[in-house]
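Per-entry structural report
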Amino acid sequence: EASMQAEDYLTAIRQYRAVSPDDEDNYATAQNAIGRAEDSYQQQVLTLAQGHLDAGEYSTAVETVKAAEQAFGTTDEFESFIARSYAQFYAEQLQSAFDAGDYIQVKSVYEEAGACEYDVITAEMTSLFAQSQTAYQKTVLDEAEAAFGEAKDYEAAIRVINAAMADVQAGRTGPIPR
């Protein structure tokens, strides 16, 4: 009970679980307290991890919950939190790359999100990815048209398109080279 009052819930859980069924005076009380201690521990971990997530510390938030899973076991609440953390991370990375006009980076982040062990791709992410692909194609065509110019420089236009295709294949990011 002292561990519960000290908010050391993991220790309390271990202590309650250690009470022997032969201990008739304490066993029933310990069994009833385990659920309360488990709920308190999960809430404590998730509150701490949420603070890290709110501060943009995605790795620390996920590591906090994964460490709790190792000590306590996997729960639906922990797994849900981890998935939401990854989804938020990838959504922000996608938006940042899109806002910067770095459409190849959008593609890279979207593919990385798709390879994540958690199901993190949302409809908004897919929409942003599709928008970025359209914007990238328009940018490439605009650059090729500018390279073609009034001088009708066909080779310059093809170089722009080939460079853009090579960048996409290589996963290079940044502006389209001329």
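Check the entry above for the structure.
Residues numbered from 1 in each chain as written. Predicted model: local features only at pLDDT ≥ 70, side-chain atom pairs only at ≥ 80, totals over all residues. Heavy atoms only, no water.

**Describing the environment of Gly-101**
Of note, Gly-101 is situated in the loop between α5 (76–99) and α6 (103–115). A relative accessible area of 32% means that Gly-101 is categorised as partly exposed. Taking the C-alpha atoms as reference, Gly-101 lies 9.5 Å from Thr-139; in sequence the two are 38 residues apart. (Helix = DSSP H or I, 4+ residues; strand = E, 2+ residues; numbered from the N terminus. Buried < 20%, exposed > 50% of the residue type's maximum accessible area, 1.4 Å probe, protein only.)

**Some words on the environment of Leu-128**
Mapping Leu-128 onto the fold places it in helix α7 (residues 123–148). Sequence separation of Leu-128 and Ala-91 is 37 residues, and the distance between their C-alpha atoms is 9.3 Å. Setting aside its immediate chain neighbours within four residues, Leu-128 contacts Leu-94, Gln-95 and Phe-98. (Contact = heavy atoms within 4.5 Å.)

**Some points on empty space enclosed by the protein**
Overall, the coordinates contain 1 cavity of 30 Å³ or more when judged by the stated rule. Taken as a whole, the largest cavity encloses approximately 30 Å³ of empty space. Tyr-103, Ile-104, Lys-107, Gln-133, Tyr-136 and Val-168 together form the lining of the largest cavity. Put simply, the parts of the chain that give the lining of the largest cavity at least two residues each are α6 and α7. Counting residues per element, the lining of the largest cavity draws most heavily on α6, which supplies 3 residues. The residue makeup of the lining of the largest cavity, split by class, is 4 nonpolar, 1 polar and 1 charged. (1 Å grid on protein atoms, 1.4 Å probe; cavity = no way out; pocket = protein on both sides within 12 Å on 5 of 7 lines; lining within 4 Å. Points joined across faces, edges and corners; volume = space filled by probe spheres on them. Nonpolar A, V, L, I, M, F, W, Y, C, P; charged D, E, K, R; others polar.)

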